[in-house]
Amino acid sequence: MRVNKNYAKLETSYLFPTISRKVAEYQSQHPEAKIIKLGIGDVTLPLAPAVVTALEKAVAEMGKKETFRGYGPEQGYEFLKEEIQKYYAKRQVALKMDEIFISDGAKSDIGNILDLFDTDNVVLVPDPVYPVYVDTNIMAGRKIIFANATAENHFLPLPDKNVHADIIYICSPNNPTGAVYNKEQLQAWVDYALKEEAIILFDGAYEAFIQDESLPRSIYEIEGAAKCAIEICSFSKTAGFTGLRCGYTIVPEGLDFEGLNLNKMWLRRQTTKYNGVPYIVQRAAAAVFSEEGQKQTKEAIAYYKENIRTISQALDELGIWYVGGENSAYIWLKCPNGMKSWEFFDYLLSEAQVVGTPGAGFGQNGEGFFRLTAFGDKEQTKEAVARLKKLLQK
Ligand code: PLP
C-alpha cells in the first residue's frame, strides 16, 4: 500500500486555531472582558420560517408509507432544479434541467469537481484565497500558480496574457476580501479562458449579497461563459443552510474538451460516487424560492448588510482603506499605522476586545490586511464598531 504523499505537502492551517487560542487566553486572563467576535464566516440568524415549515412537512411525508421517499435522483429532484432554473431565468440565464446538479454544499463540490481533471494541469488561484481551492489541488498533486490580488488592483486581479493556466478559480463576491468583479472584468477572464482552452471554476457562494443590479451574480451573465465555466453555488450564506447543507453546481452541456463532455462526465461521477441530498433538505431549499421564502431570506441578508454598513461607515469616518462591504458579506481593511495582520489582531483584542480575522491567514498578499464579517449580532456589531472608533480615533 502506498499513501497519497501529497497530503504531506499540505500546510497546517493555523489561522482559526490560533485565533481561538489567543481569544481563550485573553478571556482567562480577563474574565470580565466582553469579547465581540467579528471574525466568523458562519451565519448566526436561524432558518427562515418558510424553510422550517417545508422541512416539517417533508419530515411528516417521510413518516407515511404513501409519501415516503427512498433514494432520489443523484443529481437532485426536479422540483428544486426547476426553482433554480427560474431563479437564473430572472437574470436572462437559460439553464437546461440537465445542467443543474444539487449538492450538499459548495465545499464538497469544489473538491469533487477536480475528479474531472487530469493531475497535469496548471491551476490559477487568487492570493489571498479561500483555502479550499489550494488544498484540494495540493491533495491531487497539481501545480498551483497565483494571481496577485493587491490594493493596487482593488483585490480583483485580471488575467495576465503571458501566463498560461488550465483551471482558473474565481470567487465573486470574494471570500476573504469581499471584492466583486464587474461584467467587463469577468468578460476579460472568460475571454482569457476561451483563448487558453481553460476551465473557470466560479464560486458564487455569496451571490445573494450583491445588491448593485449592474454587477453579475452568475458567470453565465458573461458572453462565452457557457463554453468555459462551471459555477458552484450554495444555500449556506443565501439562506442560512450552513448546518442543513445544500448547494448546486451548474455544468453546461457545451463544455467539450479532448473529445469528452464535462456535463456527461460530472453526471457519471455523481451517479457513481454520490446518492443525492436528503429529500427533506431539498424541500427546504425549494422553499427558499417561494414568495415567502424569498421575502424572509432577503430580510436576513438585509440584517447582515446593516452590519456591513455599520462597519463601513466607521471605516470611512476613520479614513481606513478597505474593499468589499457593499455587495458582499466581508470587509477587507488595511491595518492602520502600517501594522501587520496579527499585530492588529492582538491590538484590537487587547485594547477593544474585538476579534477579527488576520488577512495573512489567507495568503501572502493578505499580510497587512484584516477581515471583518457581516454575520455578527446587530447590537454587538454596533458595540464593536463604537469600540473600534474610540480606539483608532486616539
Ligand atoms: N465558497 C466560499 C467562498 C466560502 O466562503 C464557503 C464557506 O464559507 C464555501 C464555498 C462553502 O460553502 P458550503 O457551506 O456550501 O459548503
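Refer to the preceding data block for the structure.
Structure report, in brief. In this text the structure is predicted, and so the values were computed from the model without any measurement.

### Things to note about the overall build of the chain
Helix and strand counts for the chain come out as 12 helices and 15 strands. Taking 21 Å as the expected radius of gyration for a compact globule of 394 residues, we find that the chain reaches 21 Å, a close match to that expectation. By its C-alpha atoms, the chain is 60 × 55 × 50 Å across when sized along the principal axes. Looking at the 394 residues of the chain, the share that counts as buried comes to 55%. In the chain, the share of contacts with a sequence separation of at least 24, taken over all contacts with a separation of at least 6, comes to 72%. By element, 52% of the accessible surface of the chain is carried by carbon and sulfur atoms, the whole surface being about 18,400 Å². For the chain, the separation between the mean place of its 44 positive charges and that of its 51 negative charges on side chains is 4 Å.

### Considering the site of the ligand
Taken together, 15 residues lie near the ligand, and Asp 203, Tyr 206, Ser 234, Ser 236 and Arg 245 sit nearest. Contacts to the ligand include Ala 106, whose backbone N or O atom sits 2.7 Å from an oxygen atom. A distance of 2.7 Å is found between an oxygen atom of the ligand and a side-chain nitrogen or oxygen belonging to Arg 245. Its free accessible area being 390 Å², the ligand has 91% of it covered by the protein chains. Of all elements in the fold, only helix H4 (106–112) and helix H7 (236–239) reach the threshold of two or more residues within the shell around the ligand. Per-element tally for the shell around the ligand: the top contributor is H4, with three residues. Looking at the shell around the ligand, its residues break down into seven nonpolar, four polar and four charged.

### Some details on the packing of aromatic side chains
Working definition: an aromatic ring pair is given by the centre-to-centre distance plus the angle between the planes. A complete count under the given rule lists 27 aromatic pairs for this structure. Arranged with centres 5.3 Å apart and planes meeting at 65 degrees, the rings of Tyr 87 and Phe 289 form a pair that is edge-to-face. In this pair, Tyr 87 sits in helix H3 (residues 78–89) while Phe 289 sits in the loop between helix H9 (279–288) and helix H10 (291–318), placing the two residues 202 residues apart along the sequence. The pair formed by Tyr 87 and Phe 289 is uniform in burial state, with each residue classed as buried. Grouped by ring-pair contacts, the aromatic residues Tyr 87, Tyr 88, Phe 235, Phe 241, Tyr 248 and Phe 289 constitute a single cluster. Positioned above the aromatic ring of Tyr 87, the side-chain terminus of Arg 91 is 4.9 Å from the ring centre. Over the ring of Phe 79 we find Arg 283, and its NZ or CZ is 3.7 Å from the ring centre.

### Points about the packing of H10 against helix H12 (residues 378–393)
Closest axis-to-axis distance for the H10/H12 pair is 10 Å, and the angle between their directions is 10 degrees. Classified by the interaxial angle, the pair formed by H10 and H12 is roughly parallel. The segment H10 lies against H12, with Tyr 303, Glu 306, Asn 307, Thr 310, Ile 311, Ala 314, Leu 315, Glu 317 and Leu 318 engaging Lys 378, Thr 381, Lys 382, Val 385, Leu 388, Lys 389, Leu 392 and Gln 393. By residue class, the composition of the contact of H10 with H12 is eight nonpolar, four polar and five charged.

### Description of the pairing of strand S5 (residues 167–171)
Within S5, five of the five residues are buried, which leaves the element mostly enclosed by the surrounding structure. Of the two faces of S5, the one carrying Ile 167, Tyr 169 and Cys 171 and the one carrying Ile 168 and Ile 170 are both buried. Examined bridge by bridge, strand S3 (residues 122–127) and S5 share two bridges and lie parallel to one another. By the bridge assignment, Leu 124 is partnered in S5 with Ile 168. When S5 meets strand S6 (residues 199–203), the two strands line up parallel, connected through five bridges. Paired with Ile 170 across the two strands is Phe 202, which belongs to S6.

Conventions and cut-offs
- Residues numbered from 1 in each chain as written.
- Predicted model: local features only at pLDDT ≥ 70, side-chain atom pairs only at ≥ 80, totals over all residues.
- Heavy atoms only, no water.
- Helix = DSSP H or I, 4+ residues; strand = E, 2+ residues; numbered from the N terminus.
- Rg over C-alpha atoms; globule rule 2.2 N^0.38 Å.
- Buried < 20%, exposed > 50% of the residue type's maximum accessible area, 1.4 Å probe, protein only.
- Contact = heavy atoms within 4.5 Å.
- Areas by Shrake-Rupley, 256 points an atom, 1.4 Å probe, with all protein chains shown as cover.
- Lys, Arg positive; Asp, Glu negative; His and termini not counted.
- Charge placed at Lys NZ, Arg CZ, Asp CG, Glu CD.
- Near = heavy atom within 4 Å.
- Polar contact = N/O pair within 3.5 Å; in protein donor to acceptor, adjacent residues only side chain to side chain.
- Nonpolar A, V, L, I, M, F, W, Y, C, P; charged D, E, K, R; others polar.
- Phe/Tyr/Trp six-rings, centres within 6.5 Å; stacked < 30°, edge-to-face > 60°.
- Lys NZ or Arg CZ within 6 Å of the ring centre and 35° of its normal.
- Axes fitted to C-alpha atoms, helices over the stretch in contact; angles between N-to-C directions.
- Parallel < 35°, antiparallel > 145°, perpendicular 65-115°, else oblique.
- Pairing = 2+ DSSP bridges.

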